[in-house]
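# Residue-level structure breakdown
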Amino acid sequence: MEDQLGFAYTVMALANVYWMRDEYSEAEESYIQSRDLCSKIGDQRGFGQSVKGLGNVYQMRNEYSKAEASYIQSREVFSKTGDQVGFGQSVKALGDIYLMRNEYSKAEESYIQSRDLYSKIGSQVGIATSAKALGDVYRMRSEYSKAEESYLQSRDLYSKIGDQYGFAQSVKALGDVYRMREEYSEAEESYIQSRDLYAKFGDQLGVANSVTALGHVYRMRDEYSTAEESYIQSRDLYSKIGEQLGFANSFQRLGQLHSARGECVKARESYLEALRIYNRLGRRYSSANTSWHLAWLHREQAQYEEAERLVREASTAYSELGLTQDVADCDEFLVEIRELMTT
(Lines give C-alpha, C1' and ligand atoms only; values in the text may rest on other atoms or scores of the structure.)
Protein backbone atom coordinates (compact mmCIF):
# COMPACT_ATOMS: atom_id res chain seq x y z
CA MET A 1 0.00 0.00 0.00
CA GLU A 2 2.77 2.42 0.96
CA ASP A 3 4.64 1.62 -2.26
CA GLN A 4 1.51 2.31 -4.32
CA LEU A 5 0.84 5.56 -2.47
CA GLY A 6 4.42 6.72 -2.94
CA PHE A 7 4.27 5.87 -6.63
CA ALA A 8 0.98 7.77 -7.03
CA TYR A 9 2.44 10.91 -5.44
CA THR A 10 5.58 10.61 -7.55
CA VAL A 11 3.45 10.50 -10.68
CA MET A 12 1.51 13.53 -9.42
CA ALA A 13 4.76 15.40 -8.79
CA LEU A 14 5.82 14.59 -12.35
CA ALA A 15 2.49 15.93 -13.60
CA ASN A 16 3.16 19.17 -11.72
CA VAL A 17 6.51 19.48 -13.50
CA TYR A 18 4.88 18.96 -16.90
CA TRP A 19 2.24 21.57 -16.06
CA MET A 20 4.88 24.11 -15.03
CA ARG A 21 6.67 23.49 -18.33
CA ASP A 22 3.44 23.98 -20.32
CA GLU A 23 3.54 20.35 -21.46
CA TYR A 24 -0.18 19.89 -20.98
CA SER A 25 -0.72 16.56 -22.73
CA GLU A 26 1.94 14.91 -20.58
CA ALA A 27 0.55 16.63 -17.48
CA GLU A 28 -2.97 15.43 -18.26
CA GLU A 29 -1.78 11.86 -18.74
CA SER A 30 0.12 11.88 -15.43
CA TYR A 31 -2.71 13.49 -13.44
CA ILE A 32 -5.13 10.88 -14.78
CA GLN A 33 -2.70 8.13 -13.77
CA SER A 34 -2.23 9.51 -10.24
CA ARG A 35 -5.98 10.11 -9.91
CA ASP A 36 -6.76 6.51 -10.81
CA LEU A 37 -4.04 5.16 -8.51
CA CYS A 38 -5.29 7.25 -5.57
CA SER A 39 -8.85 6.15 -6.28
CA LYS A 40 -7.79 2.50 -6.32
CA ILE A 41 -6.04 2.69 -2.94
CA GLY A 42 -8.67 4.97 -1.39
CA ASP A 43 -6.52 8.08 -0.88
CA GLN A 44 -9.06 10.91 -1.14
CA ARG A 45 -6.51 13.66 -0.57
CA GLY A 46 -4.37 12.57 -3.50
CA PHE A 47 -7.47 11.95 -5.60
CA GLY A 48 -8.68 15.51 -4.98
CA GLN A 49 -5.28 17.00 -5.76
CA SER A 50 -5.02 15.04 -9.01
CA VAL A 51 -8.50 16.08 -10.13
CA LYS A 52 -7.72 19.72 -9.35
CA GLY A 53 -4.47 19.36 -11.32
CA LEU A 54 -6.51 18.15 -14.27
CA GLY A 55 -8.70 21.22 -13.92
CA ASN A 56 -5.59 23.41 -14.12
CA VAL A 57 -4.54 21.65 -17.33
CA TYR A 58 -7.96 22.09 -18.94
CA GLN A 59 -8.08 25.74 -17.90
CA MET A 60 -4.72 26.45 -19.59
CA ARG A 61 -5.99 24.73 -22.75
CA ASN A 62 -9.18 26.85 -22.66
CA GLU A 63 -11.31 23.71 -22.18
CA TYR A 64 -13.51 25.49 -19.68
CA SER A 65 -16.34 22.97 -19.40
CA LYS A 66 -13.91 20.17 -18.55
CA ALA A 67 -12.05 22.46 -16.15
CA GLU A 68 -15.30 23.41 -14.41
CA ALA A 69 -16.27 19.76 -13.99
CA SER A 70 -12.85 18.94 -12.52
CA TYR A 71 -12.90 21.84 -10.07
CA ILE A 72 -16.43 21.00 -8.93
CA GLN A 73 -15.32 17.41 -8.34
CA SER A 74 -12.20 18.44 -6.41
CA ARG A 75 -14.23 20.95 -4.40
CA GLU A 76 -16.62 18.21 -3.33
CA VAL A 77 -13.77 15.85 -2.45
CA PHE A 78 -11.99 18.49 -0.36
CA SER A 79 -15.28 19.38 1.35
CA LYS A 80 -15.79 15.73 2.25
CA THR A 81 -12.24 15.33 3.62
CA GLY A 82 -12.28 18.64 5.50
CA ASP A 83 -9.38 20.09 3.50
CA GLN A 84 -10.27 23.78 3.73
CA VAL A 85 -7.23 24.95 1.79
CA GLY A 86 -7.98 22.59 -1.10
CA PHE A 87 -11.65 23.56 -0.93
CA GLY A 88 -10.78 27.25 -1.10
CA GLN A 89 -8.41 26.70 -4.02
CA SER A 90 -11.08 24.81 -5.95
CA VAL A 91 -13.71 27.49 -5.32
CA LYS A 92 -11.25 30.22 -6.39
CA ALA A 93 -10.38 28.22 -9.53
CA LEU A 94 -14.08 27.90 -10.38
CA GLY A 95 -14.32 31.67 -10.13
CA ASP A 96 -11.49 31.94 -12.64
CA ILE A 97 -13.40 29.73 -15.09
CA TYR A 98 -16.56 31.79 -14.71
CA LEU A 99 -14.57 34.99 -15.22
CA MET A 100 -13.05 33.58 -18.43
CA ARG A 101 -16.56 32.77 -19.66
CA ASN A 102 -17.85 36.25 -18.75
CA GLU A 103 -20.20 34.73 -16.15
CA TYR A 104 -19.52 37.56 -13.74
CA SER A 105 -22.20 36.87 -11.13
CA LYS A 106 -20.98 33.29 -10.70
CA ALA A 107 -17.38 34.47 -10.60
CA GLU A 108 -18.19 37.09 -7.96
CA GLU A 109 -20.00 34.52 -5.83
CA SER A 110 -17.06 32.10 -6.02
CA TYR A 111 -14.47 34.73 -5.21
CA ILE A 112 -16.43 36.04 -2.23
CA GLN A 113 -16.78 32.48 -0.97
CA SER A 114 -13.06 31.78 -1.33
CA ARG A 115 -12.13 35.14 0.22
CA ASP A 116 -14.31 34.52 3.25
CA LEU A 117 -13.00 30.98 3.63
CA TYR A 118 -9.39 32.13 3.44
CA SER A 119 -10.18 34.83 5.98
CA LYS A 120 -11.62 32.17 8.29
CA ILE A 121 -8.49 30.01 8.14
CA GLY A 122 -6.12 32.99 8.21
CA SER A 123 -4.59 32.67 4.75
CA GLN A 124 -3.45 36.17 3.81
CA VAL A 125 -2.29 35.00 0.39
CA GLY A 126 -5.70 33.46 -0.28
CA ILE A 127 -7.51 36.63 0.77
CA ALA A 128 -5.26 38.73 -1.45
CA THR A 129 -5.70 36.53 -4.55
CA SER A 130 -9.49 36.45 -4.06
CA ALA A 131 -9.65 40.23 -3.53
CA LYS A 132 -7.59 40.80 -6.70
CA ALA A 133 -9.90 38.47 -8.64
CA LEU A 134 -12.98 40.28 -7.30
CA GLY A 135 -11.43 43.50 -8.55
CA ASP A 136 -11.16 41.93 -12.00
CA VAL A 137 -14.87 41.07 -11.94
CA TYR A 138 -15.87 44.57 -10.91
CA ARG A 139 -13.57 46.13 -13.51
CA MET A 140 -15.09 43.98 -16.26
CA ARG A 141 -18.55 45.13 -15.11
CA SER A 142 -17.37 48.77 -15.12
CA GLU A 143 -17.92 48.99 -11.35
CA TYR A 144 -14.73 50.96 -10.97
CA SER A 145 -15.11 52.15 -7.37
CA LYS A 146 -15.59 48.57 -6.15
CA ALA A 147 -12.72 47.42 -8.37
CA GLU A 148 -10.44 50.08 -6.93
CA GLU A 149 -11.39 49.08 -3.38
CA SER A 150 -10.62 45.41 -4.10
CA TYR A 151 -7.30 46.18 -5.79
CA LEU A 152 -6.24 48.43 -2.93
CA GLN A 153 -7.04 45.62 -0.51
CA SER A 154 -5.03 43.08 -2.47
CA ARG A 155 -2.16 45.54 -2.97
CA ASP A 156 -1.91 46.24 0.74
CA LEU A 157 -2.13 42.55 1.66
CA TYR A 158 0.56 41.59 -0.85
CA SER A 159 2.74 44.38 0.52
CA LYS A 160 2.19 43.13 4.06
CA ILE A 161 3.20 39.54 3.27
CA GLY A 162 6.07 40.57 1.01
CA ASP A 163 4.64 39.19 -2.23
CA GLN A 164 6.20 41.58 -4.74
CA TYR A 165 4.66 39.88 -7.78
CA GLY A 166 1.13 40.11 -6.39
CA PHE A 167 1.84 43.69 -5.33
CA ALA A 168 2.91 44.58 -8.88
CA GLN A 169 -0.17 42.92 -10.37
CA SER A 170 -2.45 44.92 -8.07
CA VAL A 171 -0.66 48.18 -8.88
CA LYS A 172 -0.99 47.48 -12.61
CA ALA A 173 -4.70 46.66 -12.14
CA LEU A 174 -5.22 49.94 -10.28
CA GLY A 175 -3.68 51.69 -13.26
CA ASP A 176 -6.28 50.00 -15.49
CA VAL A 177 -9.09 51.31 -13.28
CA TYR A 178 -7.71 54.85 -13.32
CA ARG A 179 -7.30 54.72 -17.11
CA MET A 180 -10.90 53.55 -17.54
CA ARG A 181 -12.01 56.48 -15.38
CA GLU A 182 -9.87 58.82 -17.49
CA GLU A 183 -7.68 59.62 -14.48
CA TYR A 184 -4.61 59.54 -16.67
CA SER A 185 -2.05 61.00 -14.26
CA GLU A 186 -2.92 58.37 -11.63
CA ALA A 187 -2.88 55.65 -14.30
CA GLU A 188 0.53 56.75 -15.58
CA GLU A 189 1.93 56.75 -12.04
CA SER A 190 0.60 53.22 -11.40
CA TYR A 191 1.91 51.83 -14.68
CA ILE A 192 5.37 53.33 -14.12
CA GLN A 193 5.42 51.77 -10.64
CA SER A 194 4.36 48.35 -11.91
CA ARG A 195 6.84 48.56 -14.80
CA ASP A 196 9.69 49.28 -12.41
CA LEU A 197 8.60 46.53 -10.02
CA TYR A 198 8.46 43.94 -12.79
CA ALA A 199 11.86 45.08 -14.06
CA LYS A 200 13.30 44.74 -10.56
CA PHE A 201 12.55 41.01 -10.36
CA GLY A 202 13.10 40.28 -14.04
CA ASP A 203 9.54 39.73 -15.27
CA GLN A 204 9.86 40.86 -18.88
CA LEU A 205 6.23 40.06 -19.68
CA GLY A 206 5.09 42.24 -16.80
CA VAL A 207 7.35 45.04 -18.02
CA ALA A 208 5.96 44.72 -21.56
CA ASN A 209 2.34 44.79 -20.35
CA SER A 210 2.99 47.86 -18.20
CA VAL A 211 4.77 49.66 -21.05
CA THR A 212 1.85 48.82 -23.36
CA ALA A 213 -0.57 50.27 -20.82
CA LEU A 214 1.55 53.44 -20.63
CA GLY A 215 1.20 53.68 -24.40
CA HIS A 216 -2.59 53.60 -24.00
CA VAL A 217 -2.42 56.49 -21.53
CA TYR A 218 -0.25 58.59 -23.83
CA ARG A 219 -2.48 57.83 -26.82
CA MET A 220 -5.57 58.89 -24.89
CA ARG A 221 -3.80 62.14 -24.00
CA ASP A 222 -2.92 62.64 -27.70
CA GLU A 223 0.79 62.30 -26.89
CA TYR A 224 1.32 60.23 -30.01
CA SER A 225 5.11 60.31 -30.15
CA THR A 226 5.41 59.07 -26.58
CA ALA A 227 2.70 56.47 -27.20
CA GLU A 228 4.53 55.23 -30.30
CA GLU A 229 7.75 54.94 -28.32
CA SER A 230 5.96 52.84 -25.68
CA TYR A 231 4.31 50.54 -28.23
CA ILE A 232 7.62 49.99 -30.03
CA GLN A 233 9.35 49.21 -26.73
CA SER A 234 6.65 46.71 -25.73
CA ARG A 235 6.65 45.20 -29.24
CA ASP A 236 10.38 44.56 -29.00
CA LEU A 237 10.02 43.07 -25.52
CA TYR A 238 7.24 40.71 -26.65
CA SER A 239 9.42 39.66 -29.58
CA LYS A 240 12.39 39.04 -27.31
CA ILE A 241 10.49 36.74 -24.95
CA GLY A 242 8.55 34.99 -27.72
CA GLU A 243 5.13 36.31 -26.70
CA GLN A 244 3.56 36.22 -30.16
CA LEU A 245 0.09 37.47 -29.22
CA GLY A 246 1.51 40.52 -27.46
CA PHE A 247 3.82 41.03 -30.44
CA ALA A 248 0.84 41.01 -32.83
CA ASN A 249 -1.20 43.29 -30.57
CA SER A 250 1.63 45.81 -30.60
CA PHE A 251 1.48 46.01 -34.39
CA GLN A 252 -2.27 46.53 -34.27
CA ARG A 253 -1.89 49.34 -31.72
CA LEU A 254 0.81 50.95 -33.83
CA GLY A 255 -1.57 50.70 -36.80
CA GLN A 256 -4.28 52.51 -34.86
CA LEU A 257 -1.79 55.16 -33.79
CA HIS A 258 -0.50 55.75 -37.32
CA SER A 259 -4.08 55.87 -38.60
CA ALA A 260 -4.98 58.52 -36.02
CA ARG A 261 -2.04 60.59 -37.26
CA GLY A 262 -3.05 60.14 -40.89
CA GLU A 263 0.01 58.00 -41.66
CA CYS A 264 -1.84 55.62 -43.94
CA VAL A 265 1.14 53.72 -45.36
CA LYS A 266 2.61 53.02 -41.91
CA ALA A 267 -0.83 52.10 -40.58
CA ARG A 268 -1.41 49.62 -43.38
CA GLU A 269 2.00 48.01 -42.89
CA SER A 270 1.38 47.59 -39.15
CA TYR A 271 -2.12 46.17 -39.63
CA LEU A 272 -0.93 43.69 -42.25
CA GLU A 273 1.84 42.45 -39.98
CA ALA A 274 -0.63 42.06 -37.11
CA LEU A 275 -3.01 40.20 -39.42
CA ARG A 276 -0.26 37.85 -40.58
CA ILE A 277 0.62 36.88 -37.01
CA TYR A 278 -3.01 36.56 -35.87
CA ASN A 279 -3.74 34.25 -38.79
CA ARG A 280 -0.72 32.11 -37.97
CA LEU A 281 -1.83 31.89 -34.32
CA GLY A 282 -5.41 31.06 -35.27
CA ARG A 283 -6.77 34.13 -33.45
CA ARG A 284 -9.86 34.59 -35.61
CA TYR A 285 -11.47 37.36 -33.56
CA SER A 286 -8.28 39.43 -33.56
CA SER A 287 -7.85 38.80 -37.29
CA ALA A 288 -11.41 39.96 -37.93
CA ASN A 289 -10.87 43.12 -35.89
CA THR A 290 -7.70 43.89 -37.83
CA SER A 291 -9.52 43.40 -41.15
CA TRP A 292 -12.16 45.81 -39.84
CA HIS A 293 -9.52 48.45 -39.06
CA LEU A 294 -7.92 47.94 -42.46
CA ALA A 295 -11.32 48.35 -44.12
CA TRP A 296 -11.76 51.72 -42.45
CA LEU A 297 -8.28 52.75 -43.51
CA HIS A 298 -9.06 51.95 -47.15
CA ARG A 299 -12.44 53.65 -46.90
CA GLU A 300 -10.78 56.87 -45.75
CA GLN A 301 -8.56 56.68 -48.84
CA ALA A 302 -11.60 56.14 -51.10
CA GLN A 303 -10.38 52.61 -51.89
CA TYR A 304 -13.89 51.26 -51.62
CA GLU A 305 -13.53 47.88 -53.31
CA GLU A 306 -10.71 46.82 -51.00
CA ALA A 307 -12.63 48.19 -48.00
CA GLU A 308 -15.65 46.11 -49.05
CA ARG A 309 -13.55 42.96 -49.43
CA LEU A 310 -11.97 43.37 -46.01
CA VAL A 311 -15.20 44.07 -44.18
CA ARG A 312 -16.85 41.04 -45.81
CA GLU A 313 -13.91 38.99 -44.59
CA ALA A 314 -14.41 40.35 -41.08
CA SER A 315 -18.17 39.79 -41.24
CA THR A 316 -17.72 36.13 -42.17
CA ALA A 317 -15.44 35.56 -39.20
CA TYR A 318 -17.76 37.41 -36.81
CA SER A 319 -20.71 35.36 -38.07
CA GLU A 320 -18.90 32.07 -37.54
CA LEU A 321 -17.95 33.21 -34.03
CA GLY A 322 -21.59 34.07 -33.25
CA LEU A 323 -20.93 37.81 -32.80
CA THR A 324 -24.19 39.20 -34.11
CA GLN A 325 -23.58 42.84 -33.17
CA ASP A 326 -20.26 42.86 -35.00
CA VAL A 327 -21.97 41.35 -38.06
CA ALA A 328 -24.61 44.10 -37.88
CA ASP A 329 -21.85 46.75 -37.77
CA CYS A 330 -20.30 45.18 -40.88
CA ASP A 331 -23.66 45.22 -42.67
CA GLU A 332 -24.05 48.91 -41.90
CA PHE A 333 -20.52 49.56 -43.15
CA LEU A 334 -21.30 47.76 -46.43
CA VAL A 335 -24.43 49.82 -46.99
CA GLU A 336 -22.43 53.01 -46.53
CA ILE A 337 -19.69 51.75 -48.87
CA ARG A 338 -22.20 50.99 -51.62
CA GLU A 339 -23.66 54.48 -51.30
CA LEU A 340 -20.18 55.99 -51.58
CA MET A 341 -19.38 53.85 -54.64
CA THR A 342 -22.49 55.10 -56.47
CA THR A 343 -21.97 58.81 -55.77
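Preceding this section is the structure that the text describes.
Note that the structure is predicted; figures quoted are calculated from it, not measured.

### Some details on the overall build of the protein chain
Of the regular secondary structure elements, the protein chain holds 17 helices and 0 strands. On the principal axes, the C-alpha backbone points of the protein chain span a range of 80 × 40 × 35 Å. Going through the 343 residues of the protein chain one by one, you find that 47% of them count as buried. Considering only contacts within the protein chain whose residues lie at least 6 apart along the sequence, 50% involve residues at least 24 apart. Here the protein chain displays about 17000 Å² of accessible surface, and carbon together with sulfur accounts for 47% of that area. Side chains of the protein chain give 41 positive and 53 negative charges; the mean places of these two sets differ by 3 Å.

### What about the packing of helix 12 (residues 224-241) against helix 13 (residues 244-260)?
Close contact between helix 12 and helix 13 brings their axes to 8 Å; oriented N to C, the two are set at 160°. Relative to helix 13, the element helix 12 lies roughly antiparallel. For the pair helix 12 and helix 13, the crossing hand works out as left-handed. Contact with helix 12, carried on its side by Tyr 224, Ala 227, Glu 228, Tyr 231, Ile 232, Ser 234, Arg 235, Tyr 238 and Ser 239, involves Gly 246, Phe 247, Ser 250, Phe 251, Arg 253, Leu 254, Leu 257, His 258 and Ala 260 of helix 13 and no other residues of that element. For the contact of helix 12 with helix 13, the class distribution of residues is 10 nonpolar, 5 polar and 3 charged.

### Details of the pattern of salt bridges
Inspection of every chain in the model, using the stated rule, returns 33 salt bridges. Where Lys 106 meets Glu 103, a salt bridge forms, and the shortest distance between an N and an O atom there is 3.8 Å. Its relative accessible area of 44% is what places Lys 106 among the partly exposed residues. Given a relative accessible area of 26%, Glu 103 falls into the partly exposed group. With a shortest N-O distance of 3.0 Å, Asp 196 and Arg 195 are connected by a salt bridge. Accessibility expressed as a relative area gives 27% for Arg 195, which makes it partly exposed.

Rules of the game
- Residues numbered from 1 in each chain as written.
- Predicted model: local features only at pLDDT ≥ 70, side-chain atom pairs only at ≥ 80, totals over all residues.
- Heavy atoms only, no water.
- Helix = DSSP H or I, 4+ residues; strand = E, 2+ residues; numbered from the N terminus.
- Buried < 20%, exposed > 50% of the residue type's maximum accessible area, 1.4 Å probe, protein only.
- Contact = heavy atoms within 4.5 Å.
- Areas by Shrake-Rupley, 256 points an atom, 1.4 Å probe, with all protein chains shown as cover.
- Lys, Arg positive; Asp, Glu negative; His and termini not counted.
- Charge placed at Lys NZ, Arg CZ, Asp CG, Glu CD.
- Axes fitted to C-alpha atoms, helices over the stretch in contact; angles between N-to-C directions.
- Parallel < 35°, antiparallel > 145°, perpendicular 65-115°, else oblique.
- Left-handed = near helix turned anticlockwise from the far one by under 90°.
- Nonpolar A, V, L, I, M, F, W, Y, C, P; charged D, E, K, R; others polar.
- Salt bridge = Lys/Arg side-chain N within 4 Å of Asp/Glu carboxyl O.

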